[in-house]
Amino acid sequence: MAKVRPFRAFRPPPSLALEVASPPYDVISTAEARKLAEGNPASFLHVSRPEIDLPEGTDEHDDAVYAMGAKNLAKLIAEGALTQDPEPHLYLYAQTMGDHRQIGVVGCAAVSEYLGDTIKKHEKTRADKEDDRTRHIDELSAHDEPVFLTYRKEGAIDALVRASTEAPPIYDFTTKDGVGHRFWVLGRDATRALEERFEDVACLYVADGHHRSAAAARVHQKSRGDGREHDIFLAVVFPHDQMKIMPYNRVVRDLEGRSPEAILERLASVMQVEPRPDGLAATPPEPRTFGAYLAGKWYLLRAPQDPARAEDPVASLDCSIAQDLLLGPIFGVKDPRRDKHVDFVGGIRGYGELERRVDAGEFTLGLHLYPTQIEQLFAVSDAGLLMPPKSTWFEPKLRSGLFVHTF
């Protein structure tokens, strides 16, 4: 049984929705957040990135930052930029990016199901990031940014969602990145029907937001018994067939100072190397293929067949193959979570960002991966295993500030 509970959201009035809506805290830097929120006191970045309202150079983990986040949330509520619905609801949130559209159910998931693995994970959390989100949620007494969950699609849920989206949305706007956002508040009957249908869903999967969900569980365990509603946490739940996963690409620095010819020779010792015509990027056409950008030129790499690897849900991932055959043995990347000579580039930035960082001399090689598939995420999670770091990049990202759960 999967619990998706209605709640009384704090959310902006329609006239302020575009001003309040902000990118998630973890996809932009402090400098980018300052620029985006400049001149916009309603921006939710004042809550999710509260260091922007403190002197430049303030450590984002300083006590003053967490206190400022709580102060700014209270300010948005006091000034009417966020108001609470009088009754609990489930909500629908639709996003359109190009020809891709996804519609998720906004509600609250149960901490007990997270702890009991009815909500399955695929990523290992970092202690420092988990500590940060725990402190942030605890100081706010709110879940301000949702966890992105998915499930194996159910026709009955799809039908209820379609029926509910025939009504005009409460919010309907397009952000500067070209993504359209629509939002519906469901009535009692539609809320109850969806809540009941989710009880037939065997489990949910964390797509994005492992640190937020882990932090929500820690806050609940820490504050258990105080009568507040922290036994649930904010989530948007999408059917698996609407997931758009983009590659999480890599750039790596050669610490040995080898020539491009020497690096190509090493690459050719483990994979088939096909030079691309000048000016054409090597976009991986299928699993076990990689685009490699080196010294101003693109190459298509093809990994050999490996029956043993194909049987392993983690080892068969393209990001695992890249680590095991390329980054580890050729470039000495022993721990991709901590090694400073490797970095990760979200697929939304395109192959041009790989070219830019290599051409600028920051890195030696850009590696364009084939995207992880949702079925692979399910296989890893169902087996109780964990993916390597930076295995998936989901788009479009959920905007923050359109709904907040307080406790």
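Quantities reported herein were computed from a predicted structural model and do not represent experimental measurements. Counting of residues starts from 1 at the beginning of each chain's written sequence and follows it residue by residue. Under the rules for a predicted model, residues below a pLDDT of 70 receive no local features and side-chain atom pairs below 80 are neither given nor counted, while totals for whole chains, interfaces and linings still include all residues. Side-chain measures were taken over the full set of non-hydrogen atoms in the model, leaving aside hydrogen atoms and water.

As used in this record, nonpolar core signifies buried Ala, Val, Leu, Ile, Met, Phe, Trp, Tyr and Cys residues forming a set joined through side-chain atoms within 4.5 Å. For the exposure calls, accessible area comes from a 1.4 Å probe over protein chains only, and a residue counts as buried if that area is under 20% of its type's maximum, exposed if over 50%, partly exposed in between. Among the nonpolar cores identified, the biggest contains 54 residues, and F7, V106, F290, L301, L367, L402 and F403 are the most heavily contacted of them. In this text, helices come from DSSP runs of H or I with a minimum length of four residues, and strands from runs of E with a minimum of two, each type numbered from the N-terminal end. With seven residues, the single largest contributor to this core is helix α12 (residues 318-331). Here a residue-residue contact requires only that any non-hydrogen atoms of the pair lie within 4.5 Å. Apart from residues lying up to four places away in sequence, F290 is in contact with M271, P284, Y299, L300, L301, A303, D318, I321, A322, L367, H368 and L369. By size, the runner-up hydrophobic cluster in this structure holds 29 residues, among which are V111, V161, L204 and A235.

Without a salt bridge and with relative accessible area above 30%, a residue can belong to a patch; like charges are then joined within 9 Å and nonpolar side chains (Val, Leu, Ile, Met, Phe, Trp, Tyr) within 5 Å. Accessible areas in this description were obtained via Shrake-Rupley with a 1.4 Å probe; residue shielding takes into account the shown protein chains only. We define a salt bridge as a side-chain nitrogen of Lys or Arg found within 4 Å of a carboxyl oxygen belonging to Asp or Glu. Just so you know, the count uses Lys and Arg for positive and Asp and Glu for negative, and it drops His and the chain ends. Where a charge sits is defined by one atom per residue type, namely NZ (Lys), CZ (Arg), CG (Asp) or CD (Glu). A grouping of E154, E196, E199 and D200 is seen on the molecular surface, where their side chains present a negatively charged patch. Looking at the secondary structure, you find D200 in the loop between α8 (188-198) and β10 (204-208).

Pairs of strands are assigned from DSSP output, requiring at least two bridges between the strands. Read from one edge to the other, the open sheet built from eight strands follows the order β5-β10-β7-β11-β4-β3-β9-β8, with strand pairing classed as mixed. A single partner strand is all that each edge strand has here, and the edge strands are β5 (119-120) and β8 (171-174). Note that β8 and strand β9 (residues 180-185) share four bridges and pair antiparallel. Looking across to β9, one finds that D172 is bridged to R182.

For strand β13 (residues 248-252), the tally of buried residues reaches five of five residues, placing the bulk of the element in the interior. Of the two faces of β13, both are covered, the one formed by Y248, R250 and V252 as well as the one formed by N249 and V251. Alignment of β13 against strand β17 (residues 342-346), held across five bridges, turns out to be antiparallel. Looking across to β17, one finds that Y248 is bridged to G346. As paired strands, β13 and strand β18 (residues 365-368) are joined by three bridges and run antiparallel to one another. Note on β18: the bridge partner recorded for V252 is L365.

Moving on: the layout of surface pockets. Both site types are read off a 1 Å grid over the protein atoms alone. A 1.4 Å probe that fits but cannot get out defines a cavity, while an open set with protein on both sides within 12 Å along at least five of seven lines defines a pocket; lining residues have an atom within 4 Å of a point. Grid points are joined across faces, edges and corners, and a volume is the space filled by probe spheres set on the points. Roughly 1400 Å³ of internal volume is contained in the largest pocket. Taken together, 48 residues make up the lining of the largest pocket; nearest its centre are D26, R126, K129, Y248 and K390. Considered as a void within the structure, the second largest pocket measures approximately 850 Å³ in volume. Around the second largest pocket, the lining is made up of 28 residues, and of these P23, I28, L36, D177 and R399 lie nearest the centre. Looking at the lining of the second largest pocket, the elements that each hand over two or more residues are α1 (17-20), α2 (30-37) and β3 (91-97). Residues are grouped as follows: nonpolar covers Ala, Val, Leu, Ile, Met, Phe, Trp, Tyr, Cys and Pro; charged covers Asp, Glu, Lys and Arg; every other residue, Gly included, is treated as polar. Considering only residue class, the lining of the second largest pocket consists of 13 nonpolar, six polar and nine charged.

Residues that lie three or four places apart on an α-helix share one face, since the helix turns once every 3.6 residues. Taken residue by residue, helix α7 (residues 155-164) has I157, D158, V161 and S164 as its buried positions. For α7, the buried positions fall inside an angular range of 130° around the axis, keeping them on one side. Along its buried surface, α7 packs onto β3, β4 (100-110), β7 (147-151), β9, α8 and β11 (232-239). Directions drawn from the helix axis to the C-beta atoms are what define this arc.

Along the chain, T83 falls in strand β2 (residues 83-84). Distance in space between the C-alpha atoms of T83 and Q242 is 30 Å, their sequence separation being 159 residues. Apart from the residues lying within four places of it in its own chain, the contact partners of T83 are A9, F10 and R11.

Helix length check: α12, at 14 residues, gives a terminal C-alpha distance of 17 Å against a target of 20 Å (1.5 Å per residue), a shortfall beyond 12%. Two axes enter the definition of the bend at a residue: one is fitted to the seven residues ending there, the other to the seven starting there, and the bend is the angle between them. Roughly 30° is the biggest bend found in α12, and it falls at D324. Of all 14 residues making up α12, 10 are buried, and the element is well covered by its neighbours. Within α12, the full set of buried residues consists of D318, C319, S320, I321, A322, Q323, L326, L327, I330 and F331. Of the residues one or two after α12, G332 is the one with positive phi, at around 70°. Expected helix span is given by 1.5 Å per residue-to-residue step, counting one fewer step than there are residues.

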